[in-house]
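Examining the three-dimensional arrangement
Each chain is listed here by its residues.
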Amino acid sequence: MRFTTPLTAITASLLLAATAAQAQTLDVDMHKVSAEGVEESIGTVSLEQTDHGLLLTPSLSGMNPGVYGFHVHQNASCEPAEDDNGEMTAALSAGGHYDPEDTGTHQGPYGDGHLGDLPVLTVNEEGEANLPVLAPRLSMDDMSGRALMIHEGGDTYEDEPHLGGGGPRMACGVVES
């Protein structure tokens with residue numbers, strides 16, 4: 001039973017990838033980020049419009065195995081900025097999660113909260129992320145002038161703990177229009 005959900009997710013992702021073969025794509029370069037700035041590349045995330053929403057296909061490496069929070073952020077920047085306490089914070093210039101309807105709530109990629117919640121990013125034992133995720137409420141039109149963000153730790157898609165329990169910003173990519 002414990003393999004049913006991952007196998008279903010993999011099968012669904014492969015089917016979605018196959019239907020997106022003729023779709024417009026856009027590659028987003030992803031970089032590690034720190035309070036000092038934008039660092040080395042860890043790969044790309046390919047964005048593809050499908051009939052079912054936006055398909056995001058990572059091709060990332062050099063990460064620790066596990067699950068990570070994955071979001072669309074408001075601004076097209078991965079630069080550090082000062083937080084409210086005056087401390088430099090990794091990729092803070094990207095702003096908050098993309099929330100064009102100003103819902104102010106996190107309910108996951110299938111809920112009624114902000115649109116920035118994406119399915120979690122899964123990194124395998126080899127340190128690679130290559131499993132596509134689907135954002136059914138997003139389209140390519142939403143992505144221009146935004147940033148993709150990977151957070152340390154997972155995501156519960158809840159408002160408590162703060163931001164769904166995700167950790168600091170660890171990787172970022174600017175979506176070029």
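Provided above is the structure to which this section pertains.
Every value quoted in this text rests on a predicted model; they were computed, and no experiment measured them. (Residues numbered from 1 in each chain as written. Predicted model: local features only at pLDDT ≥ 70, side-chain atom pairs only at ≥ 80, totals over all residues. Heavy atoms only, no water.)

Side note on the side chain of His114
- Residue position: His114 is located in the loop between β6 (88-89) and β7 (121-123).
- You can call His114 buried: its relative accessible area is 3%.
- A distance of 2.6 Å separates the side chain of His114 from the side chain of His106, its partner in a polar contact.
- Not counting residues up to four positions away in its chain, the partners in contact with His114 are His97, Tyr98, Asp99, Thr103, Thr105, His106 and Arg137. (Helix = DSSP H or I, 4+ residues; strand = E, 2+ residues; numbered from the N terminus. Buried < 20%, exposed > 50% of the residue type's maximum accessible area, 1.4 Å probe, protein only. Polar contact = N/O pair within 3.5 Å; in protein donor to acceptor, adjacent residues only side chain to side chain. Contact = heavy atoms within 4.5 Å.)

Some thoughts on the state of the cysteines
- Tallied over the entire structure, the rule returns 1 disulfide.
- The disulfide bridge from Cys78 ends at Cys172, spanning 2.0 Å between sulfur atoms. Residues Cys78 and Cys172 share a disulfide whose torsion about the S-S bond is about -75°; that sign makes it left-handed. Taken together, the residues span a long stretch of sequence, with Cys78 in the loop between β4 (66-73) and β5 (81-82) and Cys172 in strand β10 (residues 169-174) at a distance of 94 residues. Of the two residues, Cys78 and Cys172, neither departs from the other in class, the shared state being buried. (Disulfide = S-S within 2.5 Å.)

Section: the nonpolar core
- Membership of the largest hydrophobic core comes to 28 residues, with the highest contact counts inside it found for Leu47, Leu56, Leu148 and Ile150.
- Cys78, Ala91, Ala147 and Cys172 belong to the second-largest nonpolar core, a separate cluster that totals 8 residues. (Core = buried A, V, L, I, M, F, W, Y, C linked by side-chain atoms within 4.5 Å.)

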